[in-house]
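Chain and residue survey
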Amino acid sequence: MARRKKLYEGKAKILYEGPEPGTIIQYFKDDATAFNAEKRATIEGKGVLNNRLSEHFMAGLNTIGVPTHFIRRLNMREQLVRAVEIIPLEVVVRNVAAGSISKRLGIEEGTPLPRPIVEFYYKDDALGDPLVSEEHIIAFGWAGQQDLDDMVALALRVNDFMSGLMLGVGIKLVDFKIEIGRVYDGDFTRLIVADEISPDSCRLWDIETGQKLDKDVFRRDLGNLADAYTEVANRLGLMPKNVAHTGPKLVN
Ligand code: TMP
């Protein structure tokens, strides 16, 4: 079998050339990094969980008409996605103060925000993905005004969908990050949700106990990361059930 072409290797995923033009195979690794890769570990099973969880979220978004790059899952660790031109911005939506906004603005973690807040970070590892304003984005040509409006609208629709989905299984969506890509449809370009949506890129807190079920478990050494992600997958009904054997019994 011909060896497939590796297009890019990131911290948590590898991208390979897809079977048809305009497609890419996204492979989910077990690697976890935090604080711009200052902290690293391999967490067995994380890639499998994130592949399945990202499939669930992206397929759900596709169903309600929020366009994403997701086409189909191929196996335990890989999914087929549309090739996009990634906009070099991380789009973060926050419902509750946590992480960098708490630090930057001195807001206690867990404080509900008056409305969802959308932030942009410029994707540049060497600079540590700095927070940028719409002025910076337009002035430096990372995206146009129409793109910005479309990105905010997309991000808020993802927020509504994900918040509802999580609320249904007793989890609060505190914040999340998405990446957005451009696709060319004839003479038009469109923006669609790309990369992944998983507990690596969200903050998920149990509504009752406040228990963290996301990558903060790794960032802050709060326990076993795969167990936390398995809990999320379990609540969403994505884990195979241990079905009691009900078939015919062997009689001696
Ligand atoms: P922050 O509070 O550290 O800015 O993170 C906000 C959200 O974005 C949180 O859900 C985690 C996610 N995130 C990423 O997915 N990748 C990153 O590199 C960072 C810094 C945050």
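These numbers come from a predicted model, not from an experiment.

This part takes up the site of the ligand. Neighbouring the ligand are 15 residues; Arg94, Ser100, Asp175, Lys177 and Arg203 lie closest to it. Every element with two or more residues in the shell around the ligand is listed here: strand E8 (85-96), helix H2 (99-105), strand E11 (171-185) and strand E13 (202-206). Residue composition of the shell around the ligand, grouped by class: 5 nonpolar, 3 polar and 7 charged.

So, on to the pattern of salt bridges. Scanning all chains against the criterion turns up 29 salt bridges. Of the charged contacts in the structure, one is a salt bridge between Lys177 and Glu90, with a shortest N-O distance of 3.9 Å. Highlighted residues: Lys177 in strand E11 and Glu90 in strand E8, separated in sequence by 87 residues. Each member of the pair, Lys177 together with Glu90, is buried. Here Asp216 ties to Arg203 by a salt bridge, and the two come within 2.6 Å at their closest N and O atoms.

Another point: the nonpolar core. Of all hydrophobic cores here, the largest spans 50 residues; its most connected members are Leu89, Met151, Val158, Met162, Met166, Ile178 and Ile197. The greatest single-element share of this core, amounting to 8 residues, is contributed by helix H4 (residues 145-167). Residues in contact with Ile178, not counting those within four places in the same chain, are Leu89, Glu90, Val91, Ala155, Val158, Val193 and Ile197.

Before going further, it helps to examine helix H6 (residues 225-235). Inspection of H6 places Leu225, Ala226, Ala228, Tyr229, Val232 and Ala233 among the buried residues, and these make up the whole buried set. Summarising the axial view, the buried residues of H6 lie within an arc of 160°, below the 170-degree limit, and thus occupy one face. Buried residues along H6 sit in contact with helix H1 (46-63), H4, E11, E13 and helix H5 (216-219). You can read the cap of H6 off the contacts: a side-chain oxygen lies 2.9 Å from the backbone nitrogen of Ala226, and it is on Asn224. Downstream of H6 by a residue or two, Gly237 has a phi angle that is positive, lying close to 75°.

This part takes up the environment of Asp216. By the element assignment, Asp216 lies in helix H5. Residues Asp216 and Asp200 lie 16 residues apart in sequence; the distance between their C-alpha atoms is 8.5 Å. Setting aside residues up to four positions removed in sequence, Asp216 forms contacts with Arg203, Asp221 and Leu222. Here Arg203 takes part through its side chain, which lies 2.6 Å from a polar atom of the side chain of Asp216. Within the structure, Asp216 has its side chain in polar contact with the side chain of Arg219 (distance 2.8 Å).

Below, the discussion takes up the pairing of strand E7 (residues 78-82). Counting buried positions along E7 gives 4 out of 5 residues, so the element sits mostly inside the fold. Here strand E3 (residues 23-28) pairs with E7 via 5 bridges, running antiparallel. If you follow Thr23 over to E7, its bridge partner there is Arg82. Strand direction decides the pairing type here: strand E6 (residues 70-73) and E7, joined by 3 bridges, are antiparallel. Bridging across to E7, Phe70 finds its partner in Val81. Following E6, the chain reverses through 4 residues before pairing antiparallel with E7.

We now examine the pairing of E8. Of all 12 residues making up E8, 9 are buried, and the element is well covered by its neighbours. Relative to E11, E8 runs antiparallel, the two being bridged by 7 bridges. Within E11, the residue paired with Val92 across the bridge is Lys177. As paired strands, E8 and strand E9 (residues 112-122) are joined by 7 bridges and run antiparallel to one another. Each residue of the ladder has a partner; that of Val93, found in E9, is Val118.

In spatial order, the strands read E1-E2-E3-E7-E6; together these 5 strands make up an open sheet with antiparallel pairing. Lying at the two open borders of the sheet, with one neighbouring strand each, are strand E1 (6-9) and E6. Across this sheet, the average inter-strand angle for adjacent strands is 25°, counted without regard to direction. Those strands touched by H1 are E3, E6 and E7, and its axis lies near 135° from that of E6.

Cut-offs and rules
Residues numbered from 1 in each chain as written. Predicted model: local features only at pLDDT ≥ 70, side-chain atom pairs only at ≥ 80, totals over all residues. Heavy atoms only, no water. Near = heavy atom within 4 Å. Helix = DSSP H or I, 4+ residues; strand = E, 2+ residues; numbered from the N terminus. Nonpolar A, V, L, I, M, F, W, Y, C, P; charged D, E, K, R; others polar. Salt bridge = Lys/Arg side-chain N within 4 Å of Asp/Glu carboxyl O. Buried < 20%, exposed > 50% of the residue type's maximum accessible area, 1.4 Å probe, protein only. Core = buried A, V, L, I, M, F, W, Y, C linked by side-chain atoms within 4.5 Å. Contact = heavy atoms within 4.5 Å. Arc of directions from axis to C-beta. Polar contact = N/O pair within 3.5 Å; in protein donor to acceptor, adjacent residues only side chain to side chain. Pairing = 2+ DSSP bridges. Axes fitted to C-alpha atoms, helices over the stretch in contact; angles between N-to-C directions.

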